[in-house]
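Spelled out, the chains give:
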Amino acid sequence: MPLNLTEEQIIQLAPDVASVKAGKGLAVPGKWVLLACSERAVWGHCQGSGKNPYQTAIDLNDIAFKCSCPSRKFPCKHGLGLLLLFAAQADLFEKAEEPEWVTAWLAKRGEKAEKKEQKARNEKPVDAVAQAKRLEKRHQNVLNGIEDLETWMKDLVRNGLVNVPERADSLFENMARRMVDAHAQGLAGRLRAIEEISFLGDEWKYELTDRLGKLYTPEMKQMGLEEVSPNKKEKDEAYLLRQLAERVPLRFWMEFFQCPAEQAVTGALNRSSRRRNPRYNEIDWKTTITKNLKNYQPEYKTIIPEIRIGYGRKRKALKDIILCLDQSGSMGTSVIYSGIFGAVLASLPAVNTRMVVFDTAVVDLTDDLQDPVDLLFGVQLGGGTDIARALTYCQEIISRPQDTVLVLVTDLYEGGEVRDMYKRFVELVNSGVQLIVLPALNDDGAPAYDKTHAAFLAELGVPTFACTPDKFPDLMAAALSKQDIGMWVSQNISQ
């Protein structure tokens, strides 16, 4: 009988790419010692590496394959090759009586089909209500599993990722089993794939954050869970992790930082002062050419620059910036955004940027600012809060208070000595440091923070407000250009 299947349709039956390639290699007459067919089946003998050829058969009425080879793939390469050959050159197959092994196989398939039909006839009509309840329960199981996965990932980020290698053997397998129980096998497979990461060297950090960041949001779409809020995804540490893991070039973030902040920060070239012995990258070419036009040499078609005019460069950073971050558990997204902006600021030559994080201890992460991923691994979210100790450390590293901007990102819930914290605030303000306090640096909405301490700061004239990431560049531009921050807040921040 003719076969109404194209090569493309047959290839779609293959279990993998390797089987397609092997099947095409067997779709030639020379590979078969017997080719025959009947109205309902096609069969052949393919000589393999063994003594006896493999017996391969195909049910043409309801495409199915049978082969005596030991392959666990279905269909195997012999079945694919035989079907491809029959579809392309059916005239090569001799019309013949079915051998006993083909007849027995087809009869067995017929019995199974008949039993299935009988079972369907005997089954009670589908209870639409019960079926809907079952589907709803399964859907809810998947949602609960995803919620558990989200909580697990947040805890993983908050507790720090640096100790993951020593826990990798059980860490991901336990959560993978939870996903299997939730009928989210795809997620379970992705979790188990993380165990394959080589935790030798430094590259594992990037691969781990990449896989964690991409873990569940694409899978939720595949499962049809389209009701997940985009805003929820934007706020999730896992999504931010993906931003970091992709190691977006700092130039991208500097473009996001854009005009106001970059103009305020990158004034490294002082264009008001001219130099007669500039370095090559400081030459003002337009002025230099104008000054040397009289030295034009027609025979060489060039100008001899006897005088070189350059821009004067400030040899010291124009401003010192200290980002002091509370790394208690409630500050997760604020710390990550601060890390991104800290890396941007650290890349600008006109400012000297330092990154300090604290809970009950203080850690200086300035050396990690060149790589936001390394910075993330240096943060251990959780624990208590000692703002006074953090401010004391910041005072120790400030060398020129009049040119220092200190951005303190904290919810102001002090676990240390409140009097000492107040004393440090007063000393910083009196020294001339431009102090800005952000209870949050994220887009999570109105943050929870200590209103009493915020009122004390207001009396000192210290701007205290929650800032969204899109406003932070403009805030730094205003601070570095010594604008009135209180006025800036009234014009840009909705209280």
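From a predicted model like this one, the values you see are computed outputs, not experimental measurements.

1. Things to note about the overall build of the chain
So, step 1. If you tally the helices and strands in the chain, you get 20 helices and 14 strands.
So, step 2. Split into buried and exposed, the 495 residues of the chain put 43% on the buried side.
So, step 3. A total of about 26700 Å² of accessible surface is found on the chain, and carbon and sulfur atoms cover 50% of it.

2. Examining the pattern of salt bridges
So, step 1. Under the counting rule described, the total for this entry stands at 13 salt bridges.
So, step 2. Note that R177 is salt-bridged to E173, the shortest N-O span being 3.2 Å. Taken as a pair, R177 and E173 lie in helix α6 (residues 164-181) at a separation of 4 residues, close to a single helical turn.
So, step 3. Looking at E173, the relative accessible area reads 18%, which means it is buried.
So, step 4. Residues E427 and R424 are paired through a salt bridge, measuring 3.2 Å at the closest nitrogen-oxygen approach. With a gap of 3 residues between them, E427 and R424 both fall in helix α17 (residues 418-431), about one helical turn apart.

3. Focus on the sheet that holds strand β14 (residues 434-438)
So, step 1. Strand order in the open sheet made by the 5 strands is β12-β11-β10-β13-β14, with mixed pairing throughout. Each of the sheet's edge strands pairs with one partner strand only, and the pair in question is β12 (362-364) and β14. Each neighbouring strand pair of the sheet contributes to a mean axis angle of 20°, computed without reference to strand direction.
So, step 2. With 3 bridges joining them, strand β11 (residues 351-358) and β12 adopt antiparallel strand pairing.

4. A short note on the environment of L34
So, step 1. Relative to the helices and strands, L34 resides in strand β1 (residues 32-37).
So, step 2. On the basis of relative accessible area, L34 is assigned to the partly exposed category, the value being 31%.
So, step 3. Between the C-alpha atoms of L34 and Q47, which are 13 residues apart in sequence, the distance is 9.5 Å.

5. Brief notes about the sheet that holds β1
So, step 1. Pairing is mixed in the open sheet, where 5 strands are placed in the order β4-β3-β2-β1-β5. The open sheet terminates on both sides in strands that have one partner only, identified here as β4 (64-67) and β5 (94-95).
So, step 2. In the packing of helix α4 (residues 100-122) onto the sheet, the strands contacted are β2 (41-46), β3 (54-59) and β4, and the crossing angle to β3 comes to about 40°.

6. Focus: the packing of α6 against helix α7 (residues 185-194)
Think of two packed helices as two axes; the pair is described by the angle between the axes and how far apart they sit.
So, step 1. At a closest axis distance of 8 Å, the pairing of α6 and α7 adopts a crossing angle of 170°. What the angle tells us is that α6 and α7 run roughly antiparallel. Note on element contacts: α7 touches α6 through Q185, L187, A188, L191, R192 and I194, opposite F172, E173, M175, A176, R177, M179 and V180.
So, step 2. For the contact of α6 with α7, a count of residues per class yields 9 nonpolar, 1 polar and 3 charged.

7. Some points on a nonpolar patch on the surface
So, step 1. A cluster of nonpolar side chains, namely W285, I289 and L293, defines an oily patch on the protein surface of about 310 Å² accessible area.
So, step 2. Among the secondary structure elements, L293 is positioned in the loop between α13 (285-291) and β7 (296-297).
So, step 3. Judged by relative accessible area, which is 51%, L293 ranks as exposed.

8. Details of the nonpolar core
So, step 1. Grouped together as the largest cluster of nonpolar side chains are 31 residues, with contacts concentrated most on L438, F465, F472 and L475.
So, step 2. Going through the elements one at a time, β10 (319-326), α14 (332-346), β11, β13 (404-409), β14, α19 (472-480) and α20 (485-492) are the ones with two or more residues in this core.
So, step 3. No other element matches α19, which puts 6 residues into this core.
So, step 4. Leaving out residues up to four positions away in the same chain, F472 has contacts with L323, F341, V407, L438, L441 and C467.
So, step 5. L391, C394, L408 and V437 belong to the second largest nonpolar core, which has 25 residues in total.

9. A word on the confidence of the model for the chain
Close inspection of predicted coordinates is inappropriate for parts of the model with low pLDDT.
So, step 1. With 75% of its residues at a pLDDT of 70 or more, the chain has an overall mean of 76.
So, step 2. In the predicted structure, residues 218-273 sits below a pLDDT of 50 and forms 111 contacts with residues beyond four places in sequence or in another chain.

10. Quick notes on the packing of aromatic side chains
So, step 1. As enumerated under the stated definition, the model contains 5 aromatic pairs in all.
So, step 2. Residues W152 and F172 carry aromatic rings whose centres are separated by 5.9 Å and whose planes lie at 75° to one another, so their mutual orientation is edge-to-face. Residue W152 is found in helix α5 (residues 128-158), and its partner F172 is found in helix α6; the two are separated by 20 residues along the sequence. Exposure class is identical for W152 and F172. Each is buried.
So, step 3. Between Y422 and F456 the ring centres are 3.8 Å apart and the planes differ by 10°, which places this aromatic pair in the stacked class. In this pair, Y422 is assigned in helix α17 and F456 in helix α18 (residues 451-460), connecting sequence segments 34 residues apart.
So, step 4. Note that K451 overlies the ring of Y449, its terminal NZ or CZ placed 4.3 Å from the centroid.

11. Some points on the state of the cysteines
Two cysteines, two sulfur atoms, one covalent bond between them: this is a disulfide.
So, step 1. This structure, assessed with the given rule, holds 0 disulfides.
So, step 2. Between C67, a cysteine without a disulfide, and C69, which holds the nearest cysteine sulfur, the sulfur-to-sulfur distance is 3.6 Å.
So, step 3. Taking relative accessible area as the criterion, C67 reaches 22% and is therefore assigned partly exposed.
So, step 4. In this structure C69 comes out as buried when scored by relative accessible area, which is 12%.

12. A word on the pairing of β14
So, step 1. When you tally the buried positions in β14, you get 4 out of 5 residues, the bulk of the element.
So, step 2. With 5 bridges connecting them, β13 and β14 associate as parallel partners. The partner of V407 across the bridge, within β14, is I436.
So, step 3. Taking the sense of rotation as the criterion, the β-α-β connection linking β13, α17 and β14 turns out right-handed.

Each value, and the rule that gives it
Residues numbered from 1 in each chain as written. Predicted model: local features only at pLDDT ≥ 70, side-chain atom pairs only at ≥ 80, totals over all residues. Heavy atoms only, no water. Helix = DSSP H or I, 4+ residues; strand = E, 2+ residues; numbered from the N terminus. Buried < 20%, exposed > 50% of the residue type's maximum accessible area, 1.4 Å probe, protein only. Areas by Shrake-Rupley, 256 points an atom, 1.4 Å probe, with all protein chains shown as cover. Salt bridge = Lys/Arg side-chain N within 4 Å of Asp/Glu carboxyl O. Pairing = 2+ DSSP bridges. Axes fitted to C-alpha atoms, helices over the stretch in contact; angles between N-to-C directions. Contact = heavy atoms within 4.5 Å. Parallel < 35°, antiparallel > 145°, perpendicular 65-115°, else oblique. Nonpolar A, V, L, I, M, F, W, Y, C, P; charged D, E, K, R; others polar. Patch = residues over 30% accessible without salt bridge, like charges linked within 9 Å, V, L, I, M, F, W, Y side chains within 5 Å. Core = buried A, V, L, I, M, F, W, Y, C linked by side-chain atoms within 4.5 Å. pLDDT = per-residue confidence, 0-100. Phe/Tyr/Trp six-rings, centres within 6.5 Å; stacked < 30°, edge-to-face > 60°. Lys NZ or Arg CZ within 6 Å of the ring centre and 35° of its normal. Disulfide = S-S within 2.5 Å. Right-handed = clockwise from strand over helix to strand, strands pointing away.

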